[in-house]
Amino acid sequence: MAKAKQPKKQTPSSSPAAATTTTTKQTPPDWPVFRPPLPVVSLDFDSPIQDKVVVLRSFFPKNLCRDYVSFLRTLPLTTTPGKPKRGMAVRVNDRFQVQDPLFAERLWSETGLKEAVLDNPDLAHLWGGEVVGLNPNIRVYRYTPGQFFDAHYDDSNNLTLSTPENPSLPVKTTWTLLLYLTSSTDGCVGGETVFYPNDRQTKKEAIPINPETGMLLLHKHGDDCMLHEGKEVTAGEKWILRSDLCVRR
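All values derive from a computational prediction rather than experimental measurement. (Residues numbered from 1 in each chain as written. Predicted model: local features only at pLDDT ≥ 70, side-chain atom pairs only at ≥ 80, totals over all residues. Heavy atoms only, no water.)

Asks: For this particular structure, what's the right way to read empty space enclosed by the protein?
Replies: Empty space left among the atoms is revealed by rolling a probe the size of a water molecule over them. In the structure shown here, the tally under the stated rule is two cavities of 30 Å³ or more. If you go around the largest cavity, you meet 15 residues; those closest to its centre are Tyr-143, Phe-149, His-152, Leu-178 and His-228. Listed by contribution, the elements that provide at least two residues to the lining of the largest cavity are β8 (137-143), β9 (148-154), β11 (169-180), β16 (227-230) and β18 (238-248). Class assignment for the residues of the lining of the largest cavity results in five nonpolar, six polar and four charged. (1 Å grid on protein atoms, 1.4 Å probe; cavity = no way out; pocket = protein on both sides within 12 Å on 5 of 7 lines; lining within 4 Å. Points joined across faces, edges and corners; volume = space filled by probe spheres on them. Helix = DSSP H or I, 4+ residues; strand = E, 2+ residues; numbered from the N terminus. Nonpolar A, V, L, I, M, F, W, Y, C, P; charged D, E, K, R; others polar.)

Asks: Just checking my understanding: could you explain the side chain of Ser-156 for this structure?
Replies: Here Ser-156 is to be found in the loop between β9 and β10 (158-161). Engagement of the side chain of Ser-156 in a polar contact is seen with the backbone oxygen of Thr-173, the distance being 2.6 Å. (Polar contact = N/O pair within 3.5 Å; in protein donor to acceptor, adjacent residues only side chain to side chain.)

Asks: Any chance you could explain the pattern of salt bridges here in plain terms?
Replies: A side chain with one charge can pair with a side chain of the opposite charge if their charged atoms come near. Tallied over the full model, the rule gives ten salt bridges. The shortest N-O distance in the salt bridge between Arg-57 and Asp-46 comes to 2.6 Å. Taken together, the residues span a long stretch of sequence, with Arg-57 in the loop between β3 (53-56) and α1 (62-72) and Asp-46 in strand β2 (residues 46-49) at a distance of eleven residues. Here Glu-130 ties to Arg-248 by a salt bridge, and the two come within 2.9 Å at their closest N and O atoms. Within this pair, whereas Glu-130 is found in the loop between α3 (113-118) and β7 (131-134), its partner Arg-248 is found in strand β18, the two being separated by 118 residues in sequence. (Salt bridge = Lys/Arg side-chain N within 4 Å of Asp/Glu carboxyl O.)

Asks: Is there a simple way to explain the nonpolar core in this structure?
Replies: Side chains of nonpolar character tend, in soluble globular proteins, to be buried together. Core analysis: the largest hydrophobic core is formed by 42 residues, its most contacted members being Trp-31, Phe-60, Trp-127 and Leu-181. Here this core takes six residues from α1, the largest share from any one element. Not counting residues up to four positions away in its chain, the partners in contact with Leu-181 are Phe-60, Cys-65, Tyr-68, Val-69, Leu-72, Asp-186, Thr-213, Trp-239 and Leu-241. Membership of the second largest hydrophobic core comes to 18 residues, among which are Ala-2, Tyr-180, Ile-209 and Leu-217. (Core = buried A, V, L, I, M, F, W, Y, C linked by side-chain atoms within 4.5 Å. Buried < 20%, exposed > 50% of the residue type's maximum accessible area, 1.4 Å probe, protein only. Contact = heavy atoms within 4.5 Å.)

Asks: Is there a simple way to think about the layout of surface pockets in this case?
Replies: In this structure, the second largest pocket encloses a volume near 460 Å³. Counting only elements with at least two residues in the lining of the second largest pocket, the list comes to α2 (101-109), α3, β7 and β10. With five residues, α2 is the largest single contributor of residues to the lining of the second largest pocket. Partitioned by chemical class, the residues of the lining of the second largest pocket number twelve nonpolar, five polar and five charged.

Asks: I'm lost on the confidence of the model for the protein in this one. Help?
Replies: Confidence along the protein averages 91 in pLDDT terms, with 90% of residues attaining 70 or more. Counting interchain partners and residues more than four positions distant, the pLDDT-below-50 stretch residues 7-23 has 35 contacts. (pLDDT = per-residue confidence, 0-100.)

Asks: Just to check I follow, could you spell out the pairing of β18 for this structure?
Replies: Taken residue by residue, a regular strand's side chains alternate between the two faces of the sheet. The buried fraction of β18 amounts to ten of the eleven residues, a majority that puts the element mostly inside the structure. With five bridges connecting them, β8 and β18 associate as antiparallel partners. Within β18, the residue paired with Arg-142 across the bridge is Trp-239. One ladder, built from nine bridges, connects β11 with β18; its direction is antiparallel. Bridge pairing in β18 places Trp-175 opposite Leu-245. (Pairing = 2+ DSSP bridges.)

Asks: Can you help me understand the packing of aromatic side chains in this one?
Replies: Any pair of aromatic rings gets described here by the distance separating the centres and the angle formed by the planes. Per the stated rule, a full pass over the model turns up twelve aromatic pairs. An aromatic cluster is defined as three or more aromatic residues linked by ring pairs; in this entry it consists of Trp-31, Phe-34, Phe-59, Phe-60, Tyr-68, Phe-71 and Phe-103. If you follow Arg-106 out to its NZ or CZ, it ends over the ring of Phe-34, 4.3 Å from the centre. Lying across the ring of Tyr-143, Lys-238 places its NZ or CZ 4.5 Å from the centre. (Phe/Tyr/Trp six-rings, centres within 6.5 Å; stacked < 30°, edge-to-face > 60°. Lys NZ or Arg CZ within 6 Å of the ring centre and 35° of its normal.)

So, in structure tokens, the structure goes:
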């Protein structure tokens, strides 16, 4: 759930549907295979904002990003309403949302992400617990010229994962996952993700992160979420895949 700029909630939502904006149940699509096999580079985290934001560059190679954008164009995207529900941030984009545990598992275990997160003891303190996978609530965002996501906070959510070890594992989300599939090299102008570490939406304190094709960004959410926004796209298209890191409750 993306809340507008306001005092942050002190407890996570207990509803797995809290992150949704539509009640339409979608059938999981036939996602493209990860070709070439991933990862294609050594996945080393950079931290643009210490303990709050980390990135993995070239998480997806550019040709795979192109394949995914071509595929995502075929999905039934829905334009978000210009007038949000009370207490929600203004978001104008086109989106697709689906519950897909199999694809979430693929993103976690077939890309090198699992090893990058779990095999790095220097980062273990960041995640808020034992990371066990990704939120199966997969979201696709497309921003075209004039579209944006106003300043907001991302909630933590409680849900249940099905894992090989436990078909009903209680978890909570702790970090937002954004995978950028386009950038300025693909004709996208604008669309920066801007963080405000002091919860004040001022230009002086803004920390912008430009989209990079194939870059995966993780940022802490819930009680520790920074105020952030997606700047308006002024040319081209910004495509994003979204999920969340899940830790054992």
